[in-house]
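Examination of the molecular architecture
Chain by chain, the residues:
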Amino acid sequence: MKLLRFLQEQRIERVGGRQEIQVDTRIIAATNVDLKKAIADARFREDLFYRLAVVVITLPPCAIATLTSDCSPRISSAVPLPKMAKKA
């Protein structure tokens with residue numbers, strides 16, 4: 001699996017390319033699924049979980065709703081969205 005190789009080795013190969021490129025990236029992933037249960041049920045790969053789970057932050061559902069409502073206006077004002085062309 002190319003994603004696992006990328007996470008482990010921090011190297012990619014461009015589509016159609018033949019040369020590997022060293023990259024320095026960080027991955028932020030979020031889910032509402034209990035991944036340990038999904039691993040036990042064979043619905044999620046254990047090796048992928050351990051490569052992604054470097055820092056795990058577990059929040060209760062109400063905290064997530066609060067963060068979303070608090071952060072959304074700040075993010076939208078700090079990062080303006082591109083203007084969409086109007087259809088004629």
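Residues numbered from 1 in each chain as written. Predicted model: local features only at pLDDT ≥ 70, side-chain atom pairs only at ≥ 80, totals over all residues. Heavy atoms only, no water.

Time to look at the overall build of the protein chain. Scanning the protein chain for helices and strands turns up four helices and two strands. For the protein chain, the N- to C-terminal ordering of α and β elements is α-β-β-α-α-α. Residues classed as buried in the protein chain amount to 10% of the 88 residues present. In the protein chain, once contacts between residues fewer than 6 apart in sequence are set aside, the share between residues at least 24 apart is 28%. (Helix = DSSP H or I, 4+ residues; strand = E, 2+ residues; numbered from the N terminus. Buried < 20%, exposed > 50% of the residue type's maximum accessible area, 1.4 Å probe, protein only. Contact = heavy atoms within 4.5 Å.)

Our focus in this paragraph is the nonpolar core. Residues Leu4, Phe6, Leu7, Val23 and Leu48 constitute the largest nonpolar core, which totals five residues. No other element matches the three residues that helix α1 (residues 2–9) contributes to this core. (Core = buried A, V, L, I, M, F, W, Y, C linked by side-chain atoms within 4.5 Å.)

Another aspect to go through is the layout of surface pockets. If a probe as big as a water molecule is rolled over the atoms, it shows which places are left empty. Roughly 1000 Å³ of internal volume is contained in the largest pocket. As for the largest pocket, its lining consists of 30 residues, and the residues nearest its centre are Ala29, Ala30, Val55, Val56 and Ile57. Here the residues of the lining of the largest pocket are counted per class, giving 20 nonpolar, six polar and four charged. Lys2, Arg5, Phe6, Arg11, Ile12, Glu13, Arg14, Val15 and Glu20 together form the lining of the second largest pocket. When its residues are assigned to classes, the lining of the second largest pocket shows three nonpolar, no polar and six charged. (1 Å grid on protein atoms, 1.4 Å probe; cavity = no way out; pocket = protein on both sides within 12 Å on 5 of 7 lines; lining within 4 Å. Points joined across faces, edges and corners; volume = space filled by probe spheres on them. Nonpolar A, V, L, I, M, F, W, Y, C, P; charged D, E, K, R; others polar.)

Moving on to the confidence of the model for the protein chain. In the predicted model, the protein chain carries a mean pLDDT of 76, and 66% of its residues have values of at least 70. Within the protein chain, helix α4 (residues 61–78) has the poorest average pLDDT of any element, 61, and helix α2 (residues 35–40) the best, 92. (pLDDT = per-residue confidence, 0-100.)

Right, let's talk about a nonpolar patch on the surface for a bit. Residues Val54, Val55, Ile57 and Leu59 make up a contiguous nonpolar surface patch of about 440 Å² in total accessible area. Looking at the secondary structure, you find Ile57 in the loop between α3 (46–52) and α4. (Patch = residues over 30% accessible without salt bridge, like charges linked within 9 Å, V, L, I, M, F, W, Y side chains within 5 Å. Areas by Shrake-Rupley, 256 points an atom, 1.4 Å probe, with all protein chains shown as cover. Salt bridge = Lys/Arg side-chain N within 4 Å of Asp/Glu carboxyl O.)

The next point concerns unusual backbone geometry. Even without glycine at this site, Gln10 takes up a positive phi of about 55 degrees. Mapped onto the secondary structure, Gln10 falls in the loop between α1 and β1 (11–13).

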